[in-house]
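Chain by chain, the residues run as shown.
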Amino acid sequence: QVQLVESGGGLVQPGGSLRLSCAVSDISFRSSALAWYRQAPGKERELVATITADGSTNYAVSVKGRFTISRVNTKNTVYLQMNSLKPEDTAVYFCNKPLYERLWNWGQGTQVTVSS
């Protein structure tokens, strides 16, 4: 069974930065498109960013220009660099595949809290 282990979350002040990591235990990692999602309290999970196997990226309008998704295939890890964080970025962040793919089982996620 594929395991997704997200890490790197924490408490940060508005305007601050965090770098999230997600380690994936799947031999198909290199050929898979990947995505970061987030879920705020009382809200549905939403797509934040995607990266294809060849490195093409897309972002939600709300994070474009502030967040950067990247991947290191030799480490089976996908990253999310988050800059200029806002209180509305507060959520649990998850990695997985994009919704047009067959998803892996969800991991535990990592909590990001943006507050002064």
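Residues numbered from 1 in each chain as written. Predicted model: local features only at pLDDT ≥ 70, side-chain atom pairs only at ≥ 80, totals over all residues. Heavy atoms only, no water.

## Description of the pattern of salt bridges
Line of reasoning, step 1. For the coordinates displayed, the defined rule picks out three salt bridges.
Line of reasoning, step 2. Linking R38 and E46 is a salt bridge whose minimum nitrogen-to-oxygen distance equals 2.6 Å.
Line of reasoning, step 3. For D89, the salt bridge identified is with R66, shortest N-O distance 2.7 Å. Of the two residues, D89 is situated in the loop between β8 (77-82) and β9 (91-96) and R66 in the loop between β6 (57-59) and β7 (67-72); the sequence distance between them amounts to 23 residues. This pair shows no difference in class: D89 is buried, exactly as R66 is.
Line of reasoning, step 4. A network of salt bridges, in which partner residues are shared, links R38, E46, R66 and D89. (Salt bridge = Lys/Arg side-chain N within 4 Å of Asp/Glu carboxyl O. Helix = DSSP H or I, 4+ residues; strand = E, 2+ residues; numbered from the N terminus. Buried < 20%, exposed > 50% of the residue type's maximum accessible area, 1.4 Å probe, protein only.)

## Points about the packing of aromatic side chains
Line of reasoning, step 1. Tallying each qualifying case throughout the model produces two aromatic pairs.
Line of reasoning, step 2. For the ring pair Y37 and W106, a centre distance of 5.1 Å and an interplane angle of 80° mean the geometry is edge-to-face. Taken together, the residues span a long stretch of sequence, with Y37 in strand β4 (residues 34-39) and W106 in the loop between β9 and β10 (110-114) at a distance of 69 residues.
Line of reasoning, step 3. On the basis of relative accessibility, which here comes to 2%, the residue Y37 falls in the buried class.
Line of reasoning, step 4. Note on F94 and W106: the rings are 5.8 Å apart at their centroids and 80° apart in plane angle, and the pair reads as edge-to-face. (Phe/Tyr/Trp six-rings, centres within 6.5 Å; stacked < 30°, edge-to-face > 60°.)

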